[in-house]
Every structure is written in C-alpha cells, then in structure tokens.
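What the coordinates show
Residues per chain are reported as follows:
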Amino acid sequence: MFQSFEIFSIPLLNLGLLLGAFVLLLGGAEIFTNSVEWFGYHLGVSESATGSILAAVGTALPETMIPMIAIVSVLLGRGDQAAADAIGVGAILGAPFMLATIAMTLIGASVLYFGSRRDAGPIFEADVPALRRDLSFFLVGYTFAVVAAFVPSRGLRIGIALGLVALYAVYVKQTLAAGQLIVGEELDRLHLRGLLTEGQRPFPAFGSAIVPIDEPPLWMVVTQTVCALLVIIAGAHLFVTEVEFFSTEVLDVPAALIALLLAPLATELPEKFNSVIWIGESKDTLAIGNITGAMVFQGTLPATLGILFTSWDLGVSWGTIGFLNTLSAVLALIGGAMVLLRTQFTSTNRMRPAPFLVAGLLYVVFITVVIYHVVILGVAAGH
C-alpha cells in the first residue's frame, strides 16, 4: 500500500513543480515588465516606446527564456540533451504558432462578443497600415527562419540568423519613426517601492514641489529588474526539467510536443488576454499591436537562437516530430498571411472579424494531426 502511494506521489509532486514553474515564469514576467517600464522612464524613452518595445520584451521573456535554458543545458552537456534540444525547438516554434492562431481568434471572438458596447460595434477598427507593417515583417522574418532549417550550408544559416537580428532592428526603427507606437497608460507603481513605502514626499531640489513617492530611484528599478530575471530563469529551468520528466516517465510523448503546445499557452496566452480587455474598451489598435508586435519579436530573435544553437528540427517526413514542427510554422505563416491579405482589400481602418476567427481553425487542424501522430502512428518520446 505504501509502495502504491509512492508511485502516484511522484507524478503529483512533479505536476506541482511544473505548475510552480508556470507561476515563477508569469510572476517574473509581471515583475520584469513593471520594472522595465520604469527603466525606460529613467532612460528618457517615451512612454509609448517603453510600452511597445521594452515591455513587449518583458511579456515575451518567459517564453524566450525556456529555449535559452534548454540551449544552455545542451551546451553544458547536462541532463537529457536530446530532450533539452527538442524543448528548445518546440518552445521557439510554439510562440508564433499560438499568436497567429489562438491569439488571433481571441481578437475576432472579442469583437463579436463585445459588439453591443463597442464604438464600432461588431467591426474591427484599428490602424491598418501599422497592422500591415507588423505582419509583413513577421512573414518575411519567419519564412527565412523556416527556410534556414533546410539550408545545408552552416555559413548560410548563420547569415540568415544574423539577418533576422538586423530585420528586427529595422522593424523597431521603422515603428519608432512611424510614430504609431501603442500609447502607454500611466506607469504603475514599482512593486519594490510599494513594499517599502507609500505616500508623497517633497522634491529635494525644489522644496515645495510635491512628487509621488511612486517615482523610484534608479537603483531600486535595477534591483527589481535583476530579481525578476532570476525568478524567470529559475522558472524556465524548472520547466525544462519537469517537461523532460513528464515526456519520458509519465506521458511517453515527445518533449518537443509538450514544449510546442503547453509552453506558449501557459506563458504567452495569459498576457494576450489584455487584448480581450482592450477590444472591449474599443482600443483595437492597442489590442492587435499587442499580438502582432510579439509575433515579429518571436519570429526573429528567438528563431535566431534556434538556428544557431539547436538542431532546428524541421522536416517534411510524415510521422516525425520534424514534420509537426514544420507544420506548426507553416500554419503560423498562413494565419498571419490571411489577416495581411484581408488588409489589402480595405481602404479604411475597418474590417470584419472573420479573418481572425478563421485562424483558430488552423490550430484545430494542427491538434488533429498531432493526435493522429501520437495515437495512430505511435510517435512517442523514444522515437
């Protein structure tokens, strides 16, 4: 009887650790985003630029940190290197796929759900030129990332990876120059400042001038940023370890699939529910920018890590993990292309939500193929 309890207690313990990893990742992202906004404030960066670029990196950091930890494990020769490599590839590919399918569907569904109280009703109304720009950069960058997997020359693959970094730099420059960045709201109080004190204080240089004590000193911002990074790193390391355990010892499912499907849902999707709130408030540009900006980031910089430091296992052989990886990437490109194509047929900033809703069918297609591979073809962790 004791032995039976011990058998079942191990997966429950590991399940708790896996959930704990998600808590660390999401909590760390919240702390990091809060501090990086204040960091941009101290650097003199505009509030809108801080929210759209610096804060965007913060919300993408948990998903990006998972493959980074996996890659480090491979480079250091620790743990199951094959599983760590698979987790790295799956986590990198999973984020663009989730954003281009489920997140897009959330946009369309939210427009319909909140239609009765929205200014534009059940019509999507946003900055279409900005939407075209984001999706164009994503499609170009992510296409090159996928092509890199089929390029035999190591030198050419490195060239593509460096090109993706340059492409994201151009995207940031154009976005700043266009003046179409998402307008940020008033900065929230720094969490560390809130723990230490509250109220108001006189500004030392002017005596009678009163400023909120919410304006933290730079050292406090840096301290919170470093602590947030440590929390995220700990969560990512724990996630990689537990995914390896569940894929081999419990589910007998390839680690790549768990990372591909589970990691982005747990680390990216909660942040994207902000878009649902913004749609309800008729802030459509803010809602779609939250998603398409993340698509550009995830389709370039993390993909660069995959090209340079992982097997970048994308293939065309039916019944393999490489095929499923490739399918997820292709479906992500199709999802982005459908919305971009729709923008070409409008001379205004108004669109019906149908293209966003159709993107959700792509996710259903992928899940169906995955189930067939695991149940019918018997693709397991050891294959």
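Residues numbered from 1 in each chain as written. Predicted model: local features only at pLDDT ≥ 70, side-chain atom pairs only at ≥ 80, totals over all residues. Heavy atoms only, no water.

1. Examining the overall build of the protein chain
Each helix and strand in the protein chain was counted, giving 13 helices and four strands. Here the contacts in the protein chain between residues at least 6 apart in sequence split such that 80% fall between residues at least 24 apart. (Helix = DSSP H or I, 4+ residues; strand = E, 2+ residues; numbered from the N terminus. Contact = heavy atoms within 4.5 Å.)

2. Overview of the pattern of salt bridges
Under the counting rule described, the total for this entry stands at three salt bridges. For Asp284, the salt bridge is made with Arg118, and the minimal N-O distance between the two is 2.7 Å. Here the residue Asp284 occupies a position in helix 10 (residues 284–298), and Arg118 occupies one in the loop between helix 3 (81–113) and strand 1 (124–125), the gap between them amounting to 166 residues. Note on accessibility: Asp284 and Arg118 belong to one class, buried. For Asp134, the salt bridge is made with Arg133, and the minimal N-O distance between the two is 3.5 Å. Both residues of the pair, Asp134 and Arg133, belong to the buried class. (Salt bridge = Lys/Arg side-chain N within 4 Å of Asp/Glu carboxyl O. Buried < 20%, exposed > 50% of the residue type's maximum accessible area, 1.4 Å probe, protein only.)

3. A look at the environment of Gly115
On the secondary structure map, Gly115 appears in the loop between helix 3 and strand 1. A relative accessible area of 10% means that Gly115 is categorised as buried. Sequence separation between Gly115 and Ser282 is 167 residues; the distance between their C-alpha atoms is 9.4 Å. Once residues lying within four places of it in the same chain are set aside, the contact partners of Gly115 are Gly121 and Pro122.

4. Side note on a nonpolar patch on the surface
A cluster of nonpolar residues, Phe39, Leu218, Val222, Val226, Leu230 and Ile233, forms a patch on the protein surface that exposes about 480 Å² of accessible area. The element best represented in the nonpolar patch is helix 7 (residues 218–250), accounting for five residues. In this structure, Leu218 sits in helix 7. (Patch = residues over 30% accessible without salt bridge, like charges linked within 9 Å, V, L, I, M, F, W, Y side chains within 5 Å. Areas by Shrake-Rupley, 256 points an atom, 1.4 Å probe, with all protein chains shown as cover.)

5. Concerning helix 13 (residues 354–376)
For an α-helix the count is 3.6 residues per turn, leaving residues at separations of three or four pointing the same way. Spanning 23 residues, helix 13 covers 33 Å between terminal C-alpha atoms, matching the ideal 33 Å at 1.5 Å per step. Those residues of helix 13 not exposed but buried are Pro355, Phe356, Ala359, Gly360, Leu362, Tyr363, Phe366, Val369, Val370 and His373. Of the residues flanking the end of helix 13, it is Gly378, one or two places downstream, whose phi is positive at about 70°. (Expected span 1.5 Å × (residues − 1).)

6. Quick notes on the side chain of Thr300
In this structure, Thr300 sits in the loop between helix 10 and helix 11 (301–309). You can call Thr300 buried: its relative accessible area is 1%. A polar side-chain atom of Thr300 sits 3.2 Å from the main-chain carbonyl oxygen of Phe297. In this structure, Thr300 is in contact with Gly141, Leu164, Leu167 and Tyr168, ignoring residues within four places of it in sequence. (Polar contact = N/O pair within 3.5 Å; in protein donor to acceptor, adjacent residues only side chain to side chain.)

7. A closer look at the confidence of the model for the protein chain
The predicted model of the protein chain has a mean per-residue pLDDT of 80, with 81% of residues at 70 or higher. Predicted confidence for residues 1–8 stays below pLDDT 50, and this span has zero contacts to residues more than four positions away or in other chains. Across residues 180–185 the pLDDT falls below 50, and counting only partners more than four positions away or on other chains, this stretch makes 21 contacts in the model. (pLDDT = per-residue confidence, 0-100.)

8. Focus: the side chain of Thr101
Mapping Thr101 onto the fold places it in helix 3. For Thr101, a relative accessible area of 0% puts it in the buried group. Not counting chain neighbours up to four residues away, the residues in contact with Thr101 comprise Ala359, Gly360, Leu362 and Tyr363.

9. Comments concerning the nonpolar core
In this structure, Ile66, Met104, Phe124, Trp312 and Phe366 are the most contacted members of the largest nonpolar core, which totals 98 residues. Ranked by the residues each element gives to this core, the list is headed by helix 3, at 17 residues. Setting aside its immediate chain neighbours within four residues, Phe366 contacts Phe97, Leu260, Leu261, Leu324, Leu327, Ser328 and Leu331. (Core = buried A, V, L, I, M, F, W, Y, C linked by side-chain atoms within 4.5 Å.)

10. Some words on helix 12 (residues 321–343)
With 23 residues, helix 12 extends 34 Å between its outermost C-alpha atoms, agreeing within 8% with the 33 Å of an ideal straight helix rising 1.5 Å per residue. Most of helix 12 sits out of view: 17 of its 23 residues are buried.

11. Points about the packing of helix 3 against helix 13
Two packed helices can be described by the angle between their axes and the distance between those axes. Where helix 3 meets helix 13, the closest approach of the two axes is 7 Å, and the angle between their N-to-C directions is 140°. Taken together, the axes of helix 3 and helix 13 are oblique relative to one another. Seen from above, helix 3 lies across helix 13 with left-handed handedness. For the pair formed by helix 3 and helix 13, the contact residues are Phe97, Ala100, Thr101, Ile102, Met104, Thr105, Ile107, Gly108, Ala109 and Leu112 on the first element and Phe356, Leu357, Ala359, Gly360, Leu362, Tyr363 and Phe366 on the second. Tallied by class, residues from the contact of helix 3 with helix 13 come to 13 nonpolar, four polar and no charged. (Axes fitted to C-alpha atoms, helices over the stretch in contact; angles between N-to-C directions. Parallel < 35°, antiparallel > 145°, perpendicular 65-115°, else oblique. Left-handed = near helix turned anticlockwise from the far one by under 90°. Nonpolar A, V, L, I, M, F, W, Y, C, P; charged D, E, K, R; others polar.)

12. Brief notes about the packing of helix 4 (residues 128–148) against helix 12
Look at helix 4 against helix 12: their axes get within 9 Å of each other, and the N-to-C directions meet at 155°. With respect to their mutual orientation, helix 4 and helix 12 come out roughly antiparallel. Handedness of the helix 4/helix 12 crossing: left-handed. When helix 4 is examined against helix 12, the residues Val128, Leu131, Arg132, Leu135, Ser136, Phe138, Leu139, Tyr142, Thr143 and Val146 are found in contact with a partner set consisting of Ala329, Ala332, Leu333, Gly336, Ala337, Val339, Leu340 and Thr343.

13. Describing the packing of aromatic side chains
Under the criterion given, the structure shown has 10 aromatic pairs. Considering the side-chain rings of Phe137 and Tyr171, the 5.4 Å spacing of their centres and the 65° angle between planes classify their relative orientation as edge-to-face. Here Phe137, found in helix 4, pairs with Tyr171, found in helix 5 (residues 154–178); they are 34 residues apart in sequence, far enough to count as distant. Of the two residues, Phe137 and Tyr171, both sit in the buried class. (Phe/Tyr/Trp six-rings, centres within 6.5 Å; stacked < 30°, edge-to-face > 60°.)

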